[in-house]
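Residue strings, one per chain:
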Amino acid sequence: MFDMRLKMKPLPIFVAIFVTSSCSSTPDLRSPVALSDAILTLPSQAVSGMSDTGRRNYLEDKSGDYDANSRRLHLYGDDWKGRWFADAMLFLRLFEDGEGRTIAASHSARPHRLGQVPSASDTLVLRLERGRWVDITSSVLPEAVPRSWWFRFDGDGESIPCGPYIELPPTPGRDKPYYRHEEPAGELLWQGDRFHFKPKN
């Protein structure tokens, strides 16, 4: 009697390799990284908690101050369309170090937007190494500069204004303290392989 059952045969090696590689969703990042690629690939904490869907929606809208040429971004916290799913305002800039590797410097203004206590986790500096973003914050920010400060990474020029958040008391309709930016305490400048702090005169 003829056996109608199909017998499974192993896929040729080259076919298996093709299937595996074509299913990978991780882009092959190389320096210099475009602003749009950084938004899509940076860790969630570095883009104000945006989900993958939120990032794609944001790149469709490109609201706020989005400068693809200088690779700097100020994403406002008032997501009136409810499409980005960002926690707060985001200040982001990309640049290259002396070896040509892309640096991404990010600050999420959660104390200002959400009334959260300023936290070191709101500020991140990452470097692209072999196609992956690596956290180098602790090794490139000066010890004298708290990571819980605000950092205007989106600003013009090479210097980055920064300073402590100022806590304001609760107001009617707001049961949490309110934090805002005041005059900067100084500015950061990238020199060599790290940031250096220049106090305000």
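What counts, and where the lines are drawn
Residues numbered from 1 in each chain as written. Predicted model: local features only at pLDDT ≥ 70, side-chain atom pairs only at ≥ 80, totals over all residues. Heavy atoms only, no water. Helix = DSSP H or I, 4+ residues; strand = E, 2+ residues; numbered from the N terminus. Buried < 20%, exposed > 50% of the residue type's maximum accessible area, 1.4 Å probe, protein only. Contact = heavy atoms within 4.5 Å. Areas by Shrake-Rupley, 256 points an atom, 1.4 Å probe, with all protein chains shown as cover. Salt bridge = Lys/Arg side-chain N within 4 Å of Asp/Glu carboxyl O. Core = buried A, V, L, I, M, F, W, Y, C linked by side-chain atoms within 4.5 Å. Pairing = 2+ DSSP bridges. Axes fitted to C-alpha atoms, helices over the stretch in contact; angles between N-to-C directions. Polar contact = N/O pair within 3.5 Å; in protein donor to acceptor, adjacent residues only side chain to side chain.

Caption draft 1: How the structure looks around the overall build of the chain. Helix and strand content of the chain: five helices and 12 strands. Of all 201 residues assigned to the chain, the portion counted as buried reaches 36%. When contacts within the chain are restricted to residue pairs at least 6 apart in sequence, long-range pairs at least 24 apart make up 52% of them. In the structure as shown, the chain presents an accessible area of about 12,100 Å², 53% of it carried by carbon and sulfur atoms.

Caption draft 2: Examining the pattern of salt bridges more closely. According to the stated counting rule, one finds 14 salt bridges in the structure shown. Glu99 is the salt-bridge partner of Arg101, the closest N and O atoms lying 3.6 Å from each other. With relative accessibility at 63%, the residue Glu99 sits in the exposed group. Taking the shortest distance from any N to any O, the salt bridge between Asp122 and Arg110 comes out at 3.0 Å. With a gap of 12 residues between them, Asp122 in the loop between α4 (110-114) and β5 (123-129) and Arg110 in helix α4 connect regions that are remote in the sequence. Exposure remark for Arg110: the relative accessible area of 6% places this residue in the buried category. The structure contains a network of salt bridges with shared partners spanning Glu60, Asp61 and Arg83.

Caption draft 3: The nonpolar core, seen in detail. Core analysis: the biggest nonpolar cluster contains 23 residues, and Ile39, Leu42, Tyr58, Leu73 and Trp133 have the highest contact counts within it. Among residues more than four places away in sequence, those in contact with Ile39 are Val47, Met50, Arg55, Tyr58, Leu59, Tyr66 and Leu73. Ranked by size, the runner-up nonpolar core spans 21 residues in total, among them Phe95, Ala109, Leu141 and Trp149.

Caption draft 4: Spotlight on the sheet that holds strand β12 (residues 194-199). Spatial strand order, β7-β8-β11-β12: four strands in an open sheet with antiparallel pairing. Of all strands in the sheet, those bounded by a partner on one side alone are β7 (150-151) and β12. Judged from the two bridges that link them, β7 and strand β8 (residues 160-163) form a sheet pairing that is antiparallel. Note on β8: the bridge partner recorded for Phe151 is Cys162.

Caption draft 5: Spotlight on the pairing of strand β11 (residues 186-191). By the bridge criterion, three bridges tie β8 to β11 in an arrangement that is antiparallel. By the bridge assignment, Cys162 is partnered in β11 with Gly186. Two strands pair when backbone bridges link them, and β11 and β12 are joined in this way by six bridges, in the antiparallel orientation. For Leu189, the partnering residue across the bridge sits in β12 and is His196. Where β11 folds back onto β12 in an antiparallel hairpin, the turn is made up of two residues, including Gly192, whose phi is positive at roughly 70 degrees.

Caption draft 6: Geometry of the sheet that holds strand β4 (residues 102-108). Spatial strand order, β1-β2-β3-β4-β5-β6: six strands in an open sheet with antiparallel pairing. Where the open sheet ends on each side, the last strands, each with one partner, are β1 (65-67) and β6 (132-135). Strand-to-strand twist in this sheet, taken as the mean axis angle between neighbours without regard to direction, amounts to 20 degrees. Here β5 pairs with β6 via four bridges, running antiparallel.

Caption draft 7: The arrangement of the side chain of His74 in detail. One can find His74 in strand β2 (residues 72-75). For His74, a relative accessible area of 7% corresponds to the buried category. When near neighbours in sequence (up to four residues on either side) are disregarded, His74 contacts Ser63, Gly64, Asp65, Met89, Leu90, Phe91, Arg152 and Asp154.

Caption draft 8: Focus on the side chain of Ser48. Inspection of the secondary structure puts Ser48 in the loop between α2 (35-41) and α3 (52-61). A polar atom in the side chain of Ser48 sits 2.9 Å from the backbone nitrogen of Ala88. Excluding its chain neighbours within four sequence positions, the residues that come into contact with Ser48 are Phe85, Ala86, Asp87, Ala88, Met89, Leu90, Ser108 and Arg110.

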